[in-house]
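Chain residues, written in single-letter form:
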Amino acid sequence: MEMLRFATAGSVDDGKSTLIGRLLLDSKQIFEDQLEAVERTSREKGFDYTNLALLTDGLRSEREQGITIDVAYRYFATPQRKFIIADTPGHVQYTRNMVTGASTADLALVLIDARKGIVEQSRRHAVIASLLRVPHLVLCVNKMDLVDWDQRVFDDICAEFTEFAAKLDIPDLTFIPISALNGDNVTTHSEHMPWFGGPTLLYHLEHLYIASDRNLIDPRFPVQYVIRPMSDRHHDYRGYAGQVAGGVFRPGDEVMVLPSGLTTTIASIDTFDGPLDEAFPPMSVTIRLADDLDVSRGDMICRTRNAPTATQDLDAMVCWFHERPMAERVTYGIKHTTNSARCQVRDLQYRLDINTLSRDDSAGQLHMNDIGRVQLRVTAPLFVDEYRRNQTTGSFILIDESTHETVGAGMIIGTGD
Amino acid sequence: MKAAQVPHLDALEAESIHIIREVAAEFERPVMLFSGGKDSIVMLRLAEKAFHPARIPFPVMHVDTGHNFDEVIDYRDRRIAELGVNLVVASVQAAIDAGRVVEETGPRASRNKLQTVALLDGLTDGGFDAAFGGGRRDEEKARAKERIYSFRDEFGQWDPKNQRPELWSLYNGRHRRGEHIRVFPISNWTEMDVWQYIEREGIEIPSIYYAHRREIVRRDGMLLAVTPYLTLLPDEQPEELLVRFRTVGDATCTGAVESPAATAAEVIVEVAASRITERGATRADDRISEAGMEDRKREGYF
């Protein structure tokens, strides 16, 4: 059974929590005790229906204020797939949460209220999904029951969104008209919309082809941990543990280790369950090399003719998460794959207005929830690829050196030369 | 090469191993919490896999309420010996004896809340800066919003509104002296995933997870084991039933379920058909209030 991770985003009141509640309920992931608690609370709060949104509001302050504060992770499974939902709230700290949820998502699900059509937030969600290079986007036009199941409303929204999406980089876009409250086109086809010939949302999630979304071309292995048992039985064992970040590695492959640039071959690929013939993303394995090289955490195992760029200069799109804005000439901690270093903001080229996609060249700072193109100078070389080529070797986080908080996230466009 | 499908258990395993190695690489003194429950058993197996053929490079800590099932303690000691790791016991009884906490009294007394004190003392005494826990996000609503690296201040408190964003597989473990993190490597596993993994890997778990005959009493809709630690209420009549445990915690507040499931495969069938969450069915400690878990976590509980 495969696993699919998707991020949901929506504005206030567009029925996102209801949709998630519906998916969980119809796939029988909601248990009697949870449903009882929700029914009880619904009655206490005076709703005349069972408010499925209450299922996903986790924290006391959220229930009190009726809002969602933070990214919440939900789980459900069908006989076809296991699903992980990153449920991101639409209002407070929207960009930060949406970016966080989208960073690990195979698919982004954007909800639109059929009565309101495409609003600023819908565009923003699509832009973020595109920036984070989420491979699949599903636009659910919700509350179709409130527009009399009218096909024209749906078609107009699809046309408007398609035109907007042409400016973005969205490899796969799907539209589905639904009513989350009643379950139409969520898990079963809607009797009210016979004009819609596409799949239900759940069918789409279950059958979407995702295996080719991984990079199996460029071999990348960031060394995470050096395993040296120093026991009698494994006296000379020295293995490099890590998670494959790209490509396929096989015993006998000639490989190069960065930063040294030395070459050797793979002696074996080890796991607790025995040696492997090949390793590819997202496997966590241990690689042994034929020659005794000096390799440590932060080094990168790759191929002689297919290596990442070793550079101290990064050209990146950065999302800012913190109340204290990002400013030029400030130094931050940076974490990239298994490497940690420091970096200085050399230049903020522009701030991207994610509603209009226009560029503000005059911006001197990135404020919380801003996204901008930034030049960084790192204290030591990092081994990077473009984010569009490899999300693992193309991404980094920025850390405030005094508070240790994660203040920004970056996607590498180039190496800044 | 043809893009192969990655089975979900392999993807989950790879992610958990990555997290465990990352903590071992970046923290000075990690420790792995081990309760003898199935989640911590799976987590310990993942740690074994992460560093193979070397030993697990950190000790294991058991927060011992003193109200244990014998089968669980036997299992713990065998497994620890097999792995050759150090065991640290953080004892609730010791905290009571030292006058650090006052034990609840009465038939509904539980040592669950006292665990937090023993845990925090254990972390401080050992100088640990990272503690692995077997919490899963599907267990409970407050956990659903907790990060994989969960920061705790010097009092062990969790601040849900001030969590670090976690993107891709990049974890920020920087902290000040006195602060520590709780790490949840199996955050993304569900109860079903855990059972499927136990079955696939042939992992041994304490026998009380499978059907056995046991003396129990019915209380507040739960089936509680009759043990020396449980005080019976006047009208309670013990009876013998065929039961198994879905979670294993303090013996006084862990409920059993009636079940004939004697193997992991049979348990999987039951879990798939179950209509009640494992905590809802079997944990008296979670029934305190709707915000029970959130409040305990804020105070430093797992």
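Since this is a predicted model, take the numbers as computed values, not measurements.

**As for the overall build of chain A**
Phase 1: Within chain A, the secondary structure is distributed over seven helices and 22 strands.
Phase 2: At 24 Å, chain A has a C-alpha radius of gyration in line with the 22 Å of a compact globule built from 417 residues.
Phase 3: Viewed in the frame of its principal axes, chain A has a C-alpha envelope of about 70 × 55 × 40 Å.
Phase 4: Taken over 417 residues, chain A has a buried fraction of 48%.
Phase 5: Within chain A, contacts between residues at least 6 apart in sequence are counted, and of these 69% link residues at least 24 apart.

**Describing the nonpolar core**
Phase 1: Within the largest apolar cluster, 179 residues are counted, with the highest numbers of intra-cluster contacts made by Ala102 and Ala108 of chain A together with Met32 of chain B.
Phase 2: Ignoring sequence-local partners within four residues, the contact set of methionine 32 of chain B consists of Met43, Leu44, Ala47, Phe58, Val60, Met61 and Phe132 of chain B.

**Let's talk about the domain arrangement of chain A**
How big an interface is tends to be stated in terms of accessible area lost as the parts join.
All names here are of chain A.
Phase 1: On domain assignment, one finds that chain A holds domain 1 (2–213), domain 2 (221–302) and domain 3 (309–414).
Phase 2: In this complex, domain 1 contributes 12 residues to the contact, which on the side of domain 3 involves 13 residues.
Phase 3: At the level of secondary structure, the elements contributing two or more residues to the side of domain 1 that touches domain 3 comprise helix 4 (94–102) and helix 5 (120–131).
Phase 4: Of all the elements, helix 5 adds the most residues to the side of domain 1 that touches domain 3, at five residues.
Phase 5: Looking at the side of domain 1 that touches domain 3, its residues break down into four nonpolar, two polar and six charged.

**Examining the sheet that holds strand 9 (residues 239–245) of chain B**
Strand pairing within a sheet occurs via backbone hydrogen bonds; the two strands may be parallel or antiparallel.
Residue and element names in this part refer to chain B.
Phase 1: Read around the closed barrel, the four strands follow the order 7-8-10-9; overall the barrel is antiparallel. Each adjacent strand pair in this sheet contributes to an overall mean axis angle of 70°, direction not counted.
Phase 2: Relative to strand 9, strand 7 (residues 212–219) is paired through five bridges, and the arrangement is antiparallel. By the bridge assignment for strand 9, arginine 213 is matched with leucine 242.

**Observations regarding the sheet that holds strand 8 (residues 225–227) of chain A**
Residues and elements named next belong to chain A.
Phase 1: One open sheet holds the seven strands; their spatial order is 7-13-10-11-12-9-8, and the pairing between them is antiparallel. Strand pairing shows two members of the sheet lacking a second neighbour, strand 7 (221–222) and strand 8, which therefore form its edges.
Phase 2: Sheet analysis places strand 8 next to strand 9 (residues 239–243), joined by three bridges and oriented antiparallel. Residue tyrosine 225 lies in a different strand from strand 9, and its bridge partner there is alanine 241.

**Some words on the interface of chain B and chain A**
Phase 1: Across the boundary between the two partners, chain B contributes 51 residues, which contact 55 residues of chain A.
Phase 2: Broken down by secondary-structure element, the contributors of at least two residues to the side of chain B that touches chain A are helix 1 (8–26) and helix 2 (38–51) of chain B.
Phase 3: The element contributing the most residues to the side of chain B that touches chain A is helix 1 of chain B, with 10 residues.
Phase 4: Here the residues of the side of chain B that touches chain A sort into 23 nonpolar, 12 polar and 16 charged.

**Observations concerning the domain arrangement of chain B**
All names here are of chain B.
Phase 1: Taken domain by domain, chain B comprises domain 1 (8–192 + 291–298) and domain 2 (206–287).
Phase 2: Relative to domain 2, the C-alpha centre of domain 1 lies at a distance of 23 Å.
Phase 3: If you look at the interface, domain 1 gives 21 residues, while domain 2 gives 22 residues.
Phase 4: Elements with a minimum of two residues in the side of domain 1 that touches domain 2: helix 3 (70–83), helix 6 (191–201) and helix 9 (292–298).
Phase 5: With three residues, the single largest contributor to the side of domain 1 that touches domain 2 is helix 3.
Phase 6: Considering only residue class, the side of domain 1 that touches domain 2 consists of six nonpolar, nine polar and six charged.

**A few points about the environment of glycine 242 of chain A**
All names here are of chain A.
Phase 1: On the secondary structure map, glycine 242 appears in strand 9.
Phase 2: Residue glycine 242 is classed as buried on the basis of its 29 C-beta neighbours within 10 Å.
Phase 3: Considered as a pair, glycine 242 and histidine 136 are 106 residues apart in the sequence and their alpha carbons are 28 Å apart.

**Quick notes on helix 2 of chain B**
Phase 1: With 14 residues, helix 2 of chain B extends 21 Å between its outermost C-alpha atoms, agreeing within 8% with the 20 Å of an ideal straight helix rising 1.5 Å per residue.
Phase 2: Most of helix 2 of chain B sits out of view: 12 of its 14 residues are buried.
Phase 3: Buried residues of helix 2 of chain B: Lys38, Asp39, Ser40, Ile41, Val42, Met43, Leu44, Arg45, Leu46, Ala47, Ala50 and Phe51 of chain B, and no others.
Phase 4: Buried residues along helix 2 of chain B sit in contact with strand 8 of chain A together with helix 1, strand 1 (30–33), helix 3, strand 4 (130–132) and helix 6 of chain B.

Criteria and cut-off values
- Residues numbered from 1 in each chain as written.
- Chains lettered and ligands numbered in written order.
- Predicted model: local features only at pLDDT ≥ 70, side-chain atom pairs only at ≥ 80, totals over all residues.
- Helix = DSSP H or I, 4+ residues; strand = E, 2+ residues; numbered from the N terminus.
- Rg over C-alpha atoms; globule rule 2.2 N^0.38 Å.
- Buried ≥ 20, exposed ≤ 12 C-beta atoms within 10 Å, placed from the backbone.
- Contact = placed C-beta atoms within 7 Å.
- Core = buried A, V, L, I, M, F, W, Y, C linked by C-beta atoms within 7 Å.
- Domains from an automatic or database assignment.
- Nonpolar A, V, L, I, M, F, W, Y, C, P; charged D, E, K, R; others polar.
- Pairing = 2+ DSSP bridges.
- Axes fitted to C-alpha atoms, helices over the stretch in contact; angles between N-to-C directions.
- Expected span 1.5 Å × (residues − 1).

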